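Examining the three-dimensional arrangement
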Amino acid sequence: QVQLVESGGGLVQAGDSLRLSCAASGRTFGYAMGWFRQAPGKEREFVAGISWSGVVTYYADSMKGRVTISRDNAKNTGYLQMNSLKPEDTAVYYCAAAQSLRLIVDGEPAYWGQGTQVTVSS
């Protein structure tokens, strides 16, 4: 029903910025979107979420102030701007979609992208 494809990951140095993109296709009308990440040997964790309208956003406390989530519904694309990156931010970042922002925040999205690797060196 909904397909998500992440892009924009890569190798950067500590302190750098990176902007991830999530291109969506299918029946996306009304869906909230969000971002998760998973580091090697770690569980997947919530990063940020945004409502369909873009009015409501929610961030993990660990990244609040360093990341900004946004979306352009006309382009069916979501974004995650990350600043002041740290080595501990190294992970595979996943885009997700759900019928409500609450489902995103609770870690229960209906759709997932395949992920994009972000590596932050010292």
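Notes on the structure follow.

Reading the values: the criteria
Residues numbered from 1 in each chain as written. Predicted model: local features only at pLDDT ≥ 70, side-chain atom pairs only at ≥ 80, totals over all residues. Heavy atoms only, no water. Phe/Tyr/Trp six-rings, centres within 6.5 Å; stacked < 30°, edge-to-face > 60°. Helix = DSSP H or I, 4+ residues; strand = E, 2+ residues; numbered from the N terminus. Buried < 20%, exposed > 50% of the residue type's maximum accessible area, 1.4 Å probe, protein only. Lys NZ or Arg CZ within 6 Å of the ring centre and 35° of its normal. Core = buried A, V, L, I, M, F, W, Y, C linked by side-chain atoms within 4.5 Å. Contact = heavy atoms within 4.5 Å. Disulfide = S-S within 2.5 Å.

Once that is clear, we can look at the packing of aromatic side chains. The description of an aromatic ring pair uses the distance of the two centres, along with the angle that the planes make with each other. A complete count under the given rule lists six aromatic pairs for this structure. Aromatic pair Phe-46 and Tyr-58: ring centres 6.0 Å apart, planes at 40°, arrangement tilted. Of this pair, Phe-46 sits in strand E5 (residues 45-50) while Tyr-58 sits in strand E6 (residues 57-59), and the two are twelve residues apart along the sequence. Residue classification places Tyr-58 among the partly exposed residues on the basis of a relative accessible area of 45%. Taking 6.4 Å as the distance between ring centres and 85° as the angle between the ring planes, the aromatic pair formed by Tyr-94 and Trp-112 counts as edge-to-face. On the criterion of sequence distance, the pair formed by Tyr-94 in strand E9 (residues 91-98) and Trp-112 in strand E10 (residues 111-112) is long-range, its members being 18 residues apart. According to the relative accessible area criterion, Tyr-94 is buried, its value standing at 15%. Aromatic rings pair up to connect Phe-36, Phe-46, Tyr-58, Tyr-94 and Trp-112 into one cluster. Over the ring of Tyr-79 we find Arg-19, and its NZ or CZ is 4.0 Å from the ring centre.

If you look at the biggest cluster of nonpolar residues, it comprises 27 residues, and the most contacted ones within it are Leu-4, Leu-20, Trp-35, Leu-80, Met-82 and Tyr-93. Secondary-structure elements contributing two or more residues to this core are strand E1 (2-7), strand E3 (18-26), strand E4 (32-38), E5, strand E7 (67-72), strand E8 (77-82), E9 and strand E11 (116-121). Not counting residues up to four positions away in its chain, the partners in contact with Leu-80 are Leu-18, Arg-19, Leu-20, Trp-35, Val-47, Ala-48, Val-67, Thr-68, Ile-69 and Tyr-93. Listed in part, the eight residues of the second largest apolar core include Ala-32, Phe-36, Ala-60 and Ile-104.

With respect to the element layout, Val-47 can be found in strand E5. Given the relative accessible area of 0%, Val-47 is considered buried. If we ignore the near neighbours within four places in the chain, the residues touching Val-47 are Trp-35, Phe-36, Arg-37, Tyr-58, Tyr-59, Ala-60, Met-63, Leu-80 and Tyr-93.

Going through the model one piece at a time under the given rule, you end up with one disulfide. One disulfide bridge connects Cys-22 with Cys-95, the sulfur atoms lying 2.0 Å from each other. As the torsion about the S-S bond is roughly -80°, the Cys-22-Cys-95 disulfide counts as left-handed. With Cys-22 in strand E3 and Cys-95 in strand E9, this residue pair connects regions lying 73 residues apart in the sequence. For Cys-22, a relative accessible area of 0% corresponds to the buried category.

Any functional reading would require information beyond the geometric quantities listed.
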